[in-house]
Amino acid sequence: MRYAKRGPLRFTSHRDFARAFERALRRAGVPVAFSQGFTPHPKISYASAAPTGVASEAEYLEIGLREAVDPEQLRVALDAALSPGLDVLDAVVASGTSLPDRIEASHWRIELPQVEPEVLAKAVDAFTAADEVLVERMTKQGRRTFDARAAVVSIDVSASSATPSGAPAVPCAILELVVRQVTPSVRPDDVLSGFRVVAGLEPPVAPKVIRLAQGTLTAQGAIVDPLDAERDGATIGGR
């Protein structure tokens, strides 16, 4: 299944979403399968959830069911059972490889209010020209230093004339970013930290980050929806 986190619901943590989704399964009467043992739990597997506070149009999960159901009817029922802003967009019957094996990269859009596009473009040039850009982030294993440059497949200042989502009537630079899944993961805020390292760029206000797509990468750098393995489909968030 593909779902979105939109508007204020982007601040829902992964744990809170998991609880809300399990409640939605019960309300919708979905015949979900449960694990065996003393503490059975619903068979739900999440793939590469976006960080809290990040909006997304391309979050994915898979669930095990006790019996066959129509995917579209399931999608509609679960979407109705979830709060607006947590929206179920697509569902297919799974087959073949597991969902995480079909996710190689993510396409992000980062809106930077009060940053001039020309200033962002200079930071992007410095970032791409560097052989490596070392940044630090606190992880579950403690503070880690890693290269934010190597995982970046493509990075551009958007030339789109569309009004940024929720941005005030001031300059707003928009960054388009495709990042490969690596360990440790490189997130959009790590790339922004890299801009501070190579160009001294620090956004004056918090950026708005939106994940537009995730999936496998084509030779041309487009991202293919992982659900396309079960149906004929086009790329999403293609570059």
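Residues numbered from 1 in each chain as written. Predicted model: local features only at pLDDT ≥ 70, side-chain atom pairs only at ≥ 80, totals over all residues. Heavy atoms only, no water.

## Description of the pairing of strand E9 (residues 172-180)
Within E9, 8 of the 9 residues are buried, which leaves the element mostly enclosed by the surrounding structure. Pairing between strand E5 (residues 105-113) and E9: 9 bridges, direction antiparallel. By the bridge assignment, leucine 112 is partnered in E9 with alanine 173. In terms of strand pairing, strand E8 (residues 152-157) meets E9 through 5 bridges, oriented antiparallel. The residue bridging serine 154 from the neighbouring strand is valine 178, located in E9. (Buried < 20%, exposed > 50% of the residue type's maximum accessible area, 1.4 Å probe, protein only. Helix = DSSP H or I, 4+ residues; strand = E, 2+ residues; numbered from the N terminus. Pairing = 2+ DSSP bridges.)

## What to know about the pattern of salt bridges
Between side chains of opposite charge, pairing is possible as soon as their charged atoms come close. As enumerated under the stated definition, the model contains 10 salt bridges in all. Among the ionic pairs, arginine 109 bridges to glutamate 176, the shortest N-O distance being 2.8 Å. Of this pair, arginine 109 sits in strand E5 while glutamate 176 sits in strand E9; the two residues are 67 residues apart in sequence, bridging distant segments of the chain. On the basis of relative accessibility, which here comes to 8%, the residue glutamate 176 falls in the buried class. Between arginine 187 and aspartate 189 there is a salt bridge, and its shortest N-O distance comes to 3.0 Å. (Salt bridge = Lys/Arg side-chain N within 4 Å of Asp/Glu carboxyl O.)

## Details of helix H2 (residues 71-81)
Looking only at H2, the buried set comprises Leu74, Arg75, Leu78 and Ala81. Taken down its axis, H2 places every buried residue within 135° of arc, on the same side. Pointing more than 90 degrees away from the buried face of H2 are the exposed residues Gln73 and Ala80. Those residues of H2 hidden inside the fold are in contact with helix H1 (14-27), strand E3 (55-63) and strand E4 (86-90). The N-terminus of H2 is capped by aspartate 70, whose side-chain oxygen sits 3.2 Å from the backbone nitrogen of glutamate 72. (Arc of directions from axis to C-beta. Contact = heavy atoms within 4.5 Å. Polar contact = N/O pair within 3.5 Å; in protein donor to acceptor, adjacent residues only side chain to side chain.)

## Thoughts on the nonpolar core
Ranked by size, the top nonpolar core spans 27 residues in total, and within it Leu120, Phe127, Ile155, Leu177, Val191 and Phe195 carry the most contacts. Among the elements of the structure, E5, helix H3 (117-129), E8, E9 and helix H4 (188-199) are those that each provide at least two residues to this core. Counting residues in each nonpolar core, the second largest holds 19 residues, with Ala20, Leu25, Leu61 and Leu74 among its members. (Core = buried A, V, L, I, M, F, W, Y, C linked by side-chain atoms within 4.5 Å.)

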